Amino acid sequence: MSTVEIQDLTVRAGSKVLVSGVSLDIEPGTWCTVVGPNGAGKTTLVETVAGIRRASSGSVSISGQCLSTMSERSRARMVALVPQHPEVPAGMTVKDYVSLGRTAYHGLLRAPSARDRAVVDSVLERLSLQEFAERDVITLSGGERQRMVLGRALAQSTMVIVLDEPITGLDLRHQIELLDLLKSEVAQCGLTVVATLHDLTLAGQFADRLVLLDRGEVILDGPAREVIRSAELAHCYGMGLRVVDVDGSDVVVPVRSGLRH
Amino acid sequence: MNSNPPTARRVALVSALTVVALAAAVVCGLAIGPTSIGTSQIIGDVLSHAGLGHRTLSPLQSTIIWQLRAPRLVLGLLAGAMLAVAGGTYQGVFRNPLADPYLLGVAAGAGLGATFAIVDIGGGINTPTWTPLLAFAGAMVAVAFTWGIGGRGLHSNASTLILAGVAVSALLTSMQTFLQQQSSANSIARVYIWLLGSLASASWRSVWLVFPYVIVCTAICVVSGRALDVMSVGEDESRSLGLPVRRVRFIVIAASSLGTAAIVSAVGLIGFVGIIVPHIVRLLVGTSYRRILPISVVFGAAFLVFADTLARTVMAPSELPLGVVTAAIGAPVFVVVLSLRRRMVR
């Protein structure tokens, strides 16, 4: 059975259709990245999978349970979100921030249990965040901050994790570090990942499966290597793309029209 | 810059000092007044009421303490606690440092209700009886309107609620101003005094009328601290963390508004407490509402009783409007705490 099942999903904002008739089945333990140009509907799609946006029609189910019928608390135990622009509340410690991921377990009236604290400590250790645990969240660098946001999502102990452009604003080393960390979590915990990424090279290197979205519709869906090398990809971006094999990895190079001969 | 969040030790110290301030405020509230009555006499009489020792106050002193100063003190404690915790709760739920308990129209609605009772255009209204009732009703109707306009529906959020509050407040204030303009000079003065807030008419009856509202609403606000901490990451993210944002927002706004309406109906519009107290507490103990709210309850209660003691003694026998005193001592205290905090984190 699929972990994430999206059936004929349409999302509108007023009269504008943001996502149109998308159907996807994502198997457990799969890393599925949605790619596409700006305005393709990637964020809308993944936010609907994370349950913070409502479907206008169609449905999203996780492990056979429809998100729209679930309480916020039950949903937060099944799917976690790393947003594109996370809010970082000044004055909160890193540990308290990561602990927010346990809200769905201890509720609003009870303090975190021993189990909640153990999960948070384990996440802090796995993501090498212990040394920052008592620091104010606003004192962290961009890379540390994004690791902390990932930590909060991992503390939710969900089967599915949704990431919307998680490496935006990070330098190359921190981009690879964060995706490597996530990859090891996927391998260790059997997480299912639904992500959006603008960097097509990294999208191709880290995902098992790529979904190419344009104007709210799925244009292509398949193994990462096939989608990266497809003609549709260049067509959607409206520019030339060259895929170069570097030591067995695909590297996507944009071809500036002015440089063509 | 060392901007580490406050240590548990600092939080404990601030909490202890706040409790000491509350005890001092209680002593001031009972002992200070035109008739000089010694603190030891008052404590002795309090103990005699608990069955320890014999009465230490004369009948006249006993009346001054138990029928004048004590109800005024208790009402001040309740009002300060409620306004401060409601202000802190509003600041958390709206994620807006400028939020105060009057944000959603409580002040404008209560003002209109009270003006209606005081001006008494048609005649036949018993002003002392109807002023608190109409103020309370006006406040609750105003908040219900605001919620109806900006708090319901799929696209409602904190901003739509604040804007609805601004609109409702503006409308009700214009109605109140019109009513006031149609009345006599005497009525205008009485409305003005009411608008500035005062504990002068405190009685045990008014204490018991507001007591259940304040206790229940303060308790709800304080236990909402954990939810407000989650909400500090924004509505979408807190929903993804499992927080039923709309339900929590409704409950805490209802509790803050109901408690504030009850207080306003009894003491008028006391400004500044709801905005300044949570800010001072935040500067001292950090940004977690689990700390800010309970400490604001105690600090707000102490603050208002100190302010009232000044209000009734500085220009005795006449009284200063309480709202003037809360602003006059609140603003400098806030500036001092702000500059101390800056020095500490440098």
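Our structure's up above, just so we're on the same page.
As a starting point, this report considers the structure included with it. Note that the structure is a prediction, hence the values are computed from the model and not measured.

Right, let's get into the pairing of strand 8 (residues 192-196) of chain A. Residues and elements named next belong to chain A. Counting buried residues along strand 8, 5 of its 5 residues qualify, which places the element largely inside the surrounding structure. Going residue by residue along strand 8, you find Thr 192, Val 194 and Thr 196 tucked away on one face and Val 193 and Ala 195 tucked away on the opposite face as well. Judged from the 4 bridges that link them, strand 3 (residues 31-35) and strand 8 form a sheet pairing that is parallel. Looking at the pairing, Thr 33 lines up with Ala 195 of strand 8. As defined by bridge partners, strand 7 (residues 160-164) adjoins strand 8 across 5 bridges and the pair is classed as parallel. When the bridges of strand 8 are listed, Leu 163 appears paired with Ala 195.

This part covers the interface of chain A and chain B. Contact residues are listed per partner, giving 35 residues for chain A and 24 residues for chain B. Scanning the region where chain A abuts chain B turns up 2 salt bridges. As a salt-bridge pair, Glu87(A) and Arg95(B) come within 2.6 Å of each other at their nearest N and O atoms. Inspection of the region where chain A meets chain B yields 9 residue pairs in polar contact (both at pLDDT 80 or more). Mapped onto the side of chain A that touches chain B, the elements with two or more residues apiece are helix 2 (72-76), strand 6 (79-82) and helix 4 (103-106) of chain A. Ranked by residues supplied to the side of chain A that touches chain B, first place goes to helix 2 of chain A with 4 residues. Counted by class, the side of chain A that touches chain B contains 16 nonpolar, 9 polar and 10 charged residues.

With that settled, the discussion passes to the packing of helix 3 (residues 59-93) of chain B against helix 13 (residues 289-313) of chain B. Residues and elements named next belong to chain B. Relative orientation of the contacting elements helix 3 and helix 13 amounts to 140°, with a least axis distance of 7 Å. Compared by their axis directions, helix 3 and helix 13 come out oblique. As for how helix 3 packs across helix 13, the hand of that crossing is right-handed. When grouped by side-chain class, the residues that make up the contact of helix 3 with helix 13 number 12 nonpolar, 8 polar and 3 charged.

Moving on: the packing of helix 6 (residues 142-155) of chain A against helix 7 (residues 172-189) of chain A. All names here are of chain A. At a minimum axis distance of 10 Å, the contact between helix 6 and helix 7 shows a crossing angle of 20°. By the criterion of interaxial angle, the relationship of helix 6 to helix 7 is roughly parallel. When you trace helix 6 past helix 7, the crossing you get is right-handed. On helix 7, the residues that touch Gly 143, Gln 146, Arg 147, Leu 150 and Leu 154 of helix 6 are His 174, Leu 178, Leu 181, Leu 182 and Glu 185. Grouping the constituent residues of the contact of helix 6 with helix 7 by class yields 5 nonpolar, 3 polar and 2 charged.

What counts as what
- Residues numbered from 1 in each chain as written.
- Chains lettered and ligands numbered in written order.
- Predicted model: local features only at pLDDT ≥ 70, side-chain atom pairs only at ≥ 80, totals over all residues.
- Heavy atoms only, no water.
- Buried < 20%, exposed > 50% of the residue type's maximum accessible area, 1.4 Å probe, protein only.
- Helix = DSSP H or I, 4+ residues; strand = E, 2+ residues; numbered from the N terminus.
- Pairing = 2+ DSSP bridges.
- Contact = heavy atoms within 4.5 Å.
- Salt bridge = Lys/Arg side-chain N within 4 Å of Asp/Glu carboxyl O.
- Polar contact = N/O pair within 3.5 Å; in protein donor to acceptor, adjacent residues only side chain to side chain.
- Nonpolar A, V, L, I, M, F, W, Y, C, P; charged D, E, K, R; others polar.
- Axes fitted to C-alpha atoms, helices over the stretch in contact; angles between N-to-C directions.
- Parallel < 35°, antiparallel > 145°, perpendicular 65-115°, else oblique.
- Left-handed = near helix turned anticlockwise from the far one by under 90°.

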